[in-house]
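# Coordinates in review
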Amino acid sequence: RPDEVPRLQDTPDLPSLRDAARGCRACPLWEPATQTVFGEGPVDARVLLLGEQPGDTEDLTGRPFSGPAGRLLDRALAELGLDRNTFYLTNAVKHFRFERRGKRRLHRNPEAMHVEACRPWLAREIEAVRPEAIVCLGATAAMALLGRGVRLMEERGRWRELHDGTRALLTVHPAWVLRQQDGAAREAAYAALVADLALLRGPVD
Ligand code: URA
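Analysis parameters
Residues numbered from 1 in each chain as written. Predicted model: local features only at pLDDT ≥ 70, side-chain atom pairs only at ≥ 80, totals over all residues. UniProt positions renumbered as here; feature names shortened; annotations may be inferred. Helix = DSSP H or I, 4+ residues; strand = E, 2+ residues; numbered from the N terminus. Near = placed C-beta within 6 Å. Nonpolar A, V, L, I, M, F, W, Y, C, P; charged D, E, K, R; others polar. Pairing = 2+ DSSP bridges. Core = buried A, V, L, I, M, F, W, Y, C linked by C-beta atoms within 7 Å. Buried ≥ 20, exposed ≤ 12 C-beta atoms within 10 Å, placed from the backbone. Contact = placed C-beta atoms within 7 Å. Axes fitted to C-alpha atoms, helices over the stretch in contact; angles between N-to-C directions. Parallel < 35°, antiparallel > 145°, perpendicular 65-115°, else oblique.

## Observations concerning the UniProt feature "domain: Uracil-DNA glycosylase-like" (unreviewed entry) in the protein chain
Sites flagged by UniProt as "domain: Uracil-DNA glycosylase-like" (unreviewed entry) map to residues 38–198. End C-alpha atoms of residues 38–198 are separated by 26 Å, and the span's content is 43% helix alongside 19% strand.

## What to know about the site of the ligand
Lining the immediate surroundings of the ligand are 13 residues, of which G51, E52, G55, P64 and A69 lie closest. Of the residues contributing to the shell around the ligand, the split by class is five nonpolar, six polar and two charged.

## Some words on the pairing of strand 4 (residues 104–107)
Bridging between strand 3 (residues 98–101) and strand 4 involves four bridges; their strand directions are antiparallel. The partner of R100 across the bridge, within strand 4, is R105. Remark: two residues form the turn of the hairpin made by strand 3 and strand 4, two consecutive strands paired antiparallel; G102 in that turn has positive phi of roughly 60°.

## Some remarks on the nonpolar core
Of all hydrophobic cores here, the largest spans 46 residues; its most connected members are L48, L50, V135 and C136. The element best represented in this core is helix 4 (residues 112–129), accounting for seven residues. Among all residues touching L48, those that are not within four sequence positions of it are F87, Y88, T90, I126, V129, P131 and I134.

## Quick notes on the packing of helix 1 (residues 14–21) against helix 4
Interaxial distance between helix 1 and helix 4 falls to 10 Å at its minimum, and their mutual angle equals 170°. By the criterion of interaxial angle, the relationship of helix 1 to helix 4 is roughly antiparallel. When helix 1 is examined against helix 4, the residues L14, L17 and A21 are found in contact with a partner set consisting of W121, R124, E125 and A128. A class-by-class count of the residues in the contact of helix 1 with helix 4 yields five nonpolar, no polar and two charged.

## Quick look at the environment of P120
As for its placement among the helices and strands, P120 is situated in helix 4. The spacing of P120 and H107 is 13 residues in sequence and 23 Å in space, taken between C-alpha atoms.

Pasting the structure below:
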């Protein structure tokens, strides 16, 4: 419901967007979550990395990719000589969705309605940063950017062009790499992530 999204200035800057997003009530996820986890990084970043939603750690720290998936992402980037601080990092959904099991909070995938409710924030972040390229980490990010019907595993690993000329790259989510049970599968998943992110070293085309 649009009336529950805080009103924004016409040309918002990132700090005021971040401020406004603190009070977002556009979907029910705000209530059990600790805080809104807004994107962070340089406003002039050439590349925007888009994740799914904050995890348990991010919900507590308030910073995107500050938990185990973020550490894996950092390692993959470092292996390629890339520094996360040069990217703008954000998520399709800005509140942690979870289920309580005793003391544990188990991650639940966001639904399409959560992605929809959160879309105005992502749209404003993209407008503010105007990246040359957007990297979607995982299926939820790909859906948030490109709509339903994206086949992540078929379409990952190559540049595509959006209507406005921005380039997009789809790859797997670092948390999916961590979820692989056996060592060989995890290594293969990690190698796929690194191979896809290697495209960021060359020209964006
Ligand atoms: N997974 C995400 O998609 N985003 C985060 O910020 C952390 C984990």
